[in-house]
Amino acid sequence: MLLRHAMGTVLRRIRTERGATLRQLSERSRISIPYLSEIERGRKEASSEILAALCRVLDVTEGELLSMAAAEFAGEFAAGAPVLSLVPERREPAHEVAEPAHPAALLLAA
C-alpha cells in the first residue's frame, strides 16, 4: 500500500461520514470533482495546500488527517498486505570476497 492510498481511503471515509458528496466537497473546496476522485482512489497525491483545503471543508485538522492515514497505513501492514518497495532487496553474495591486501603487505611479499 502506498501512503496516497491510505490518505484517499481516509478522506473518502471522512467525506461520507459527513454526508457530503464529491460535488459538494468540490464546490466548497474549489477542487475539481475528477481530481478529488483521483485523490480518494489513491491515484493522485494531494499537495499540502489541497489537503489543507479539504481539512478546512471537512472540519478536521491536518494532524488528525495524518494520524488517521497513518493508522490506516499501519493497519494494512498489520493485516499482512503486500508491501511495495522501491528499494531493491539487498542480497548476500553467493561467495565470500577476500578483502584486498594492504599495500604494505604487497611490498613485503615481493
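Here the structure is shown first, and the text comes after it.
First, a word on what this report is: a plain description of the structure on this page. What you are looking at is a predicted structure, and each value in this text was computed from that prediction instead of being measured.

### Points about the overall build of the protein
Next up, step 1: Helices and strands together make up the secondary structure of the protein, namely 6 helices and 0 strands.
Next up, step 2: Starting at the N terminus, the α and β elements of the protein follow one another as α-α-α-α-α-α.
Next up, step 3: Considering only intrachain contacts with a sequence separation of at least 6, the fraction spanning at least 24 residues in the protein is 65%.

### Remarks on the nonpolar core
Next up, step 1: Among the nonpolar cores identified, the biggest contains 18 residues, and L11, L54 and L65 are the most heavily contacted of them.
Next up, step 2: Elements supplying a minimum of two residues to this core: α1 (3-17), α3 (33-40), α4 (48-58) and α5 (62-78).
Next up, step 3: Here the element with the most residues in this core is α4; it accounts for 7 residues.
Next up, step 4: Every residue in contact with L65, bar those within four places of it in the chain, is listed here: M7, V10, L11, I14, L51, C55 and V60.

### Description of unusual backbone geometry
Next up, step 1: In the Ramachandran plot, R30 falls in the positive-phi region, its phi being about 65° despite a non-glycine side chain.
Next up, step 2: You can see R30 is positioned in the loop between α2 (22-29) and α3.
Next up, step 3: For R30, a relative accessible area of 78% puts it in the exposed group.
Next up, step 4: Unusually for a residue other than glycine, D59 sits at a positive phi of about 60°.
Next up, step 5: Within the secondary structure, D59 is located in the loop between α4 and α5.

Calculation criteria
Residues numbered from 1 in each chain as written. Predicted model: local features only at pLDDT ≥ 70, side-chain atom pairs only at ≥ 80, totals over all residues. Heavy atoms only, no water. Helix = DSSP H or I, 4+ residues; strand = E, 2+ residues; numbered from the N terminus. Contact = heavy atoms within 4.5 Å. Core = buried A, V, L, I, M, F, W, Y, C linked by side-chain atoms within 4.5 Å. Buried < 20%, exposed > 50% of the residue type's maximum accessible area, 1.4 Å probe, protein only.

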